[in-house]
Amino acid sequence: MNTIVNFLFAAIKAGTPLLFGTTGEILTQKSGNMNLGVEGLMYMGAFGGFLIAYKTDNLLLSLLAAALFGALGSLIYSFLVVTLKANQNVTGLSLTIFGTGFATFFGEMLIEGGSPKLSANMTTILSEKPLPVLGNIPFFGKVLFSHNIIVYLALVIAVIVWAYMRFTRPGMKLKAVGENPAAADAMGINVDLTKYVHTLIGGAICGVGGAYISLINGNGIWNNGCINGQGWISVALVIFASWSSAKAILGSLIFGAFTVFQVRANDFASEFAFLSFLSKIPNAIYVMLPFVITALVLIISSMKEGRSEQPASCGTNYYREER
């Protein structure tokens, strides 16, 4: 039982940055912008969040900085795509390259003279703490109610984004812009402003996901390669979750489980005799498993027939003069 509890607990931790990235990209794509630069946005947020945490010992300022860096990357994307009508796919890929290079360049400057490490006070703030009463519940207390505060923030943001798009008037306008920007424009909705605002907010959410990785997964030490493809997995999770941030909660847990299985496989092999074969599988197989699943999700989704939940105008620029 402890093996299962520890596995699920670790899966939630590993799925948290994916939930941030997926939620941010869902909000972006619902506006009609296909931003493939999530990896770059998470890198920018990872650096910004770590830098401020290292300098100030303040978690709130760290998360705000990560959101600001992610929004800055999305602002660059929005200006190129919404204002200058650049190709969305090329711009997103370029943003990934830019964000990765940005974090690597300034990260190298940060680690000159030795690897920077977060203070003991900051590490304490980021540590897992059981919630009062709920943390004492058998099984569920450890799995669901013993995480650090950023895990709960990811869940809250995902639920808020889901409710925003489903129940609010601005959320309905957002979906209208994503489905048919010409019709939305004719209704008096400012298409460009809607795209800008939601793409920037989506980028900010992705940036916070990057900060989670640099602050939590790195054990308080900056690592230039910290994101390691999780932005790309987040893009695939958008499809897996059918463009719903509520479904993304389950999707991030599943992909998080695939991510941690590489370090938990031996635990299952030793705990359960019928799973002993897991210890004989090369570790490289487990390392590539999340990316194999990501590729399968993309392949299967491209083969599906019928109505897609993807916004109809996603990936296509809107030219008002052609309305």
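Residues numbered from 1 in each chain as written. Predicted model: local features only at pLDDT ≥ 70, side-chain atom pairs only at ≥ 80, totals over all residues. Heavy atoms only, no water.

A. Main features of the packing of helix α7 (residues 149–167) against helix α8 (residues 169–179). Packing of α7 against α8 brings their axes to within 5 Å, and their N-to-C directions diverge by 80°. When the axes of α7 and α8 are compared, the pair comes out roughly perpendicular. Every residue of α8 that contacts α7 at Y164, M165, R166 and F167 is listed here: R169, P170, G171, M172, L174 and K175. Looking at the contact of α7 with α8 residue by residue, the class counts come to six nonpolar, one polar and three charged. (Axes fitted to C-alpha atoms, helices over the stretch in contact; angles between N-to-C directions. Helix = DSSP H or I, 4+ residues; strand = E, 2+ residues; numbered from the N terminus. Parallel < 35°, antiparallel > 145°, perpendicular 65-115°, else oblique. Contact = heavy atoms within 4.5 Å. Nonpolar A, V, L, I, M, F, W, Y, C, P; charged D, E, K, R; others polar.)

B. Here's a closer look at the layout of surface pockets. Taken as a whole, the largest pocket encloses approximately 750 Å³ of empty space. A14, I216, N217, G218 and Q230 are the residues nearest the centre of the largest pocket, which is lined by 32 residues in total. For the lining of the largest pocket, the secondary structure elements donating two or more residues are α1 (2–30), α5 (120–126), α10 (191–217), α11 (230–240), α12 (245–271) and α13 (283–303). Of the residues assigned to the lining of the largest pocket, the class counts are 16 nonpolar, 13 polar and three charged. (1 Å grid on protein atoms, 1.4 Å probe; cavity = no way out; pocket = protein on both sides within 12 Å on 5 of 7 lines; lining within 4 Å. Points joined across faces, edges and corners; volume = space filled by probe spheres on them.)

C. Representation of the packing of α1 against α10 within the structure. Between α1 and α10, the least distance of the axes is 7 Å, while the angle of their chain directions is 170°. The orientation of α1 with respect to α10, classified from their angle, is roughly antiparallel. Residues K13, T16, P17, F20, G21, T23, G24, E25, L27 and T28 of α1 touch α10, and the partners they reach there are H198, T199, I201, G202, G203, I205, C206, V208, G209, Y212 and I213. Here the residues of the contact of α1 with α10 are counted per class, giving nine nonpolar, 10 polar and two charged.

D. Here's a closer look at empty space enclosed by the protein. Under the criterion given, the structure shown has one cavity of 30 Å³ or more. Volume-wise, the largest cavity comes out at about 40 Å³. N33, V81, V82, K85, Q88, D192, K195, T316, N317 and Y318 are the residues that line the largest cavity. Secondary-structure elements contributing two or more residues to the lining of the largest cavity are α3 (59–83) and α10. Its residues assigned to classes, the lining of the largest cavity comprises three nonpolar, four polar and three charged.

E. Highlighting the pattern of salt bridges. Inspection of the entire model under this criterion finds two salt bridges. A salt bridge links E128 to K13, with the nearest nitrogen and oxygen atoms 3.0 Å apart. Remark: K13 occurs in helix α1 and E128 occurs in the loop between α5 and α6 (140–144); sequence separation between them is 115 residues. Assessed through its relative accessible area of 33%, E128 is described here as partly exposed. Notably, a salt bridge pairs D185 with R320, separated by 2.7 Å at the nearest N-O pair. (Salt bridge = Lys/Arg side-chain N within 4 Å of Asp/Glu carboxyl O. Buried < 20%, exposed > 50% of the residue type's maximum accessible area, 1.4 Å probe, protein only.)

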